[in-house]
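# Descriptive analysis of the structure
This is what each chain is made of:
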Amino acid sequence: MNDDRPTPRVVVIGAGASGSLTALHLARAARRRDTSLDVVLIDPALHRARGTAFGTSDPQHLLNVTAGGMSALPEDPGHFVAWRARQHPELMTEPGVFAPRVDWGRYLDETLGQAFAPGDGIALRHLRVRATGIRRDGSGVLVGTDDGRVVAGDAVVLATGERPPGFGWAPEALQRSAFFVPDPWAPGAVDVVRRDAAGPADVLLVGTGLTMVDVVLSLTTGAPRSDRHLHAVSRHGELPERHADELQPAAIPEIDDWGDTLEGYRTRAAAHIAGVLDATGDWRPAVDGLRTVVQGLWQRLGDDDRTEFLRDDAGAWGRMRHRIPPGSADLVAALESAGTLTRSAGEVADAEPLTAGGLRVTLTDGTVRDVGWVVNCTGTSTVVRAGADPLLDDLLSPREGTALGVLSTAGLGLRTRSGRLVDSVGGSDAPIWTLGSVRRGELYESTAIPEIRTQAAHLAADVLAEIRPEPWVLADGRSAGAHHTVARPRDPLGLPLSTTAEAASAYNAGLERLMRLQSGADERLLEAVAIDPGFAVAHAALAMLGHEGGSSVDVATSLESARQAARSRADDRERSLVDVVGRRVEDVRNAGATALMSHIARYPRDVLAVSAAVPTIAFSGITDIQQEAWELVEGLAPAYGDHWWYISLLAFTRQDQSRFDDAGLLAETALECEPTSGHAVHAQTHVMYETGRNEAGRAWLDHWVAESGRAASHRAHFSWHAALHELAMGDTEAVRRRYYTQLAPPTVNGVRALIDSASLLWRWVVTTSGWDAAAGTSAFSGETAPPPVECVLEAAGADLVDRPQTPFVALHAALALAAAGDLARLGDLRTHCRGSSEPAIRTTVASVCEALLLAGEQRWGDAARGLSAVLPGLPRVGGSAAQREIVEETLVYCLVSDGQPERALALLDRRLERRTSPLDQRRRTSLTASAGNPLRV
């Protein structure tokens, strides 16, 4: 560690899942900042990372989130899955498995230990005592414990986890009974019930939620009594809903216009669920999408509406939101069918002891049951109760007129501001943070591991920024000192900006739109330079958008303005960025790559520079070599951590690497943080196409575009993706409707007309034309002939079509001319490509032009040989696998047209081994049925 200041100390109260995740992310954040850190966990528990949920030792108690969603590290969604594979090589360890909770507790404990490697200045201690009070001590805190110790720290994190179950519902006689189990999670509590062979056999379970499911599984496996019957009762008598066998991505609604009333929410939520159910046949993606936005909706509601929701709606929401794993649901259903488990609606009215042991329990409907035990299965307590926890009592007790904490809505937790405790007079300057269940009153959805993981990562960054601030950099590059405050605004990733606060606000709005792939970024940037004409970075951003993003910006003027401003008012980072953008605009495509990479190495959190370097929808990047692009993105992990924008880019990288499970989980993680992230949606869309989930993929993408993606730029590309799904399903009429409403000129023009619209029309030709002749019946619905492509060529423009400067655009120009049947113009393009200084254009794209010319002359065999030869080098052209796939589609078309169905079948079989494809399967069936009958085109 290079920091010579005293080592800061963070005291984390609680060593369960939330406390252990906090400690883990504190260590990771400290290592990224190259600073020492001392973390003290205070918890009487023997083991870390267990707590209420993960302290069970019963392997039947499963996570109710799939293993793929339970990584402790947001940027590595396969981390837990890989750990399980090492621990249990004999078991199925796919991401979709619902793993035992005991496994996850062990995994988190091991991961936490690895994060605190000895000797690197980052240390962890676990004090097995109970925290009883917190006092401020100057800029720090003092934590008192039940053994009389006082632990000093620079900051405290309350990570107390779930509170013990409440049992105020139980009559006094029941509470006093030795046959009442008030807390089934207490060590050995359920074991006593399971082993009891003396008293009445039956057991009454009060509560029918997930706790009841766990208790039922424990009591019915290996139990000594075959005559035991379990009776479950709750106010509604209903079980949680069952998880689907195949999970779908969340359908996240756009809530900007949902208002701020509970009644309005009910109406909009019902419509959202009905719409998703109609589109996908499943309501679960709609509920999962609602969960993503619940925190935002909850924070808009007034206390009266919140209280009404808790009274009238929370139960139904919980049953839909917190679902039972399929395996557990099947076991419970089997027990009910066998009569071993019964359920009913009601409450406990009275209880009296039986002479032979056990209890006679009367329910509110008059039912009387003699049972050996009554087990409280109502779940963990949701409210803070006076006297239940001395630490919380201490925080809520005023001293010198002020209490360090104050209850939030309905006593669900403590009031916070961005995770920092708010005191009784509304201040939040005490160095006390919290997460998880303590924030439930402010966020409502705040107890699932994915949410706590995100909170822990953000909290760790905030705590370290407070107790160990990084030196700021002045405009001239000099250090301002560790504790010097400079009045300079910052960008969304924390980099200082040499401008006014008002101009910075407009710039940040534009940069955030660029990060989300939303339209209007250039308008916000123009606003920024209008406010501050000397704002160098804003001018540079405009030049880059005009050069590559298609914005109607005077690139030369913006670049010159950026250079003038940088000479008079800019720091080292800003001057470097202006220089890099200038090289990017003025040089040939890759001449500025070295300078850009050098800039990113020094300033990895410079979003504008990284955007220019990484190949995406918006920018071509600095390399078409996949491995280089992957290494670039992966190397940025230490700088970004779990930031949604970086996770979105990483998701696209993972799908490019055919790591589709990881890519999908990363995309979901990013969308939970930022539902409008176009990069995350783009990655998820590729995942669903490459895994053959066409119908679900089309419905999900259309929903996003209509909801969270309303402001998305590059809508034509998302429409292209949806059309690929429809083409794969054989619905050419749906493709035709989409083309004319979303992809035909003048809706789409320029480079997107070439890459999206024209390529779709050529793919339409090679995947549908004549295939009905092979099978005797059509595999596609509706008219298969595509619309004419000539208007698309006109909308793209002659420069792009005839004189393309990048391999990717050149490839698509060739395909567009093939679709138009313009062989003369295609020949001219071949000549242009052969004379290019760009190797991929001169070799690969020129060869594709030659093959397409041969196909145009119906020399199918020669065309097929040419296309086969270029496939290995095709990744050098750039773009995604789905985009480059069109060359392989053309090869299949040529092989079948040449009367070589065996070679076409072999190629389709190799593709089907790689991924599921209903289109390839239909074509394979057609070719198999037409053995010896070449396709007529």
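These numbers were taken from a predicted model, which means no experiment stands behind them.

Right, let's get into the sheet that holds strand β11 (residues 230–234). Read across the open sheet, the five strands follow the order β9-β16-β10-β11-β12; overall the sheet is parallel. With one partner strand each, in any of the chains shown, β9 (180–181) and β12 (341–345) form the two edges of the open sheet. Alignment of β11 against β12, held across five bridges, turns out to be parallel. Across the sheet, residue H231 finds its bridge partner in β12, namely T342. Seen against the sheet, helix α7 (residues 210–220) touches β10 (203–206), β11, β12 and β16 (373–376) and runs at an angle of roughly 160° to β10.

Here we take up the side chain of R752. Mapped onto the secondary structure, R752 falls in helix α31 (residues 750–768). At a separation of 2.5 Å, a polar atom in the side chain of R752 contacts the side chain of D756. Not counting residues within four places of it along the chain, the set of residues in contact with R752 comprises I617, H714, H717 and S757.

What follows deals with the pattern of salt bridges. On inspection of all chains with the given rule, the structure shows 65 salt bridges. Here D257 and R268 are joined by a salt bridge, their closest N and O atoms 3.3 Å apart. Separated by 11 residues along the polypeptide, D257 in the loop between β11 and α8 (262–280) and R268 in helix α8 bring together distant segments of the chain. Note on D257: relative accessible area 42%, which makes it partly exposed. On the basis of relative accessible area, R268 is assigned to the partly exposed category, the value being 30%. The partner of D312 in a salt bridge is R311, and the shortest N-O contact between them spans 3.0 Å. Overall, the relative accessible area of 60% leaves R311 in the exposed class. Here the salt bridges share partners, and the residues they tie into one network are R763, E885, E888, E889, R911, D920 and R923.

Evaluation of the coordinates by the stated rule reveals 17 aromatic pairs. Measuring from ring centre to ring centre gives 5.8 Å for W169 and F180, while their planes differ by 85°; the resulting arrangement is edge-to-face. Here W169, found in the loop between β8 (163–165) and α5 (172–176), pairs with F180, found in strand β9; they are 11 residues apart in sequence, far enough to count as distant. Looking at W169, the relative accessible area reads 26%, which means it is partly exposed. Look at Y640 and W645: their rings are 5.7 Å apart centre to centre, the planes differ by 50°, and that puts the pair in the tilted class. Residue Y640 shares its accessibility class with W645, and that shared class is buried. Grouping aromatic residues by their ring pairs yields a cluster made of F54, F80, W83, W104 and Y107. Above the face of the Y640 ring, R605 is positioned so that its terminal group lies 5.7 Å from the ring centre.

The rules behind the values
Residues numbered from 1 in each chain as written. Predicted model: local features only at pLDDT ≥ 70, side-chain atom pairs only at ≥ 80, totals over all residues. Heavy atoms only, no water. Pairing = 2+ DSSP bridges. Helix = DSSP H or I, 4+ residues; strand = E, 2+ residues; numbered from the N terminus. Contact = heavy atoms within 4.5 Å. Axes fitted to C-alpha atoms, helices over the stretch in contact; angles between N-to-C directions. Polar contact = N/O pair within 3.5 Å; in protein donor to acceptor, adjacent residues only side chain to side chain. Salt bridge = Lys/Arg side-chain N within 4 Å of Asp/Glu carboxyl O. Buried < 20%, exposed > 50% of the residue type's maximum accessible area, 1.4 Å probe, protein only. Phe/Tyr/Trp six-rings, centres within 6.5 Å; stacked < 30°, edge-to-face > 60°. Lys NZ or Arg CZ within 6 Å of the ring centre and 35° of its normal.

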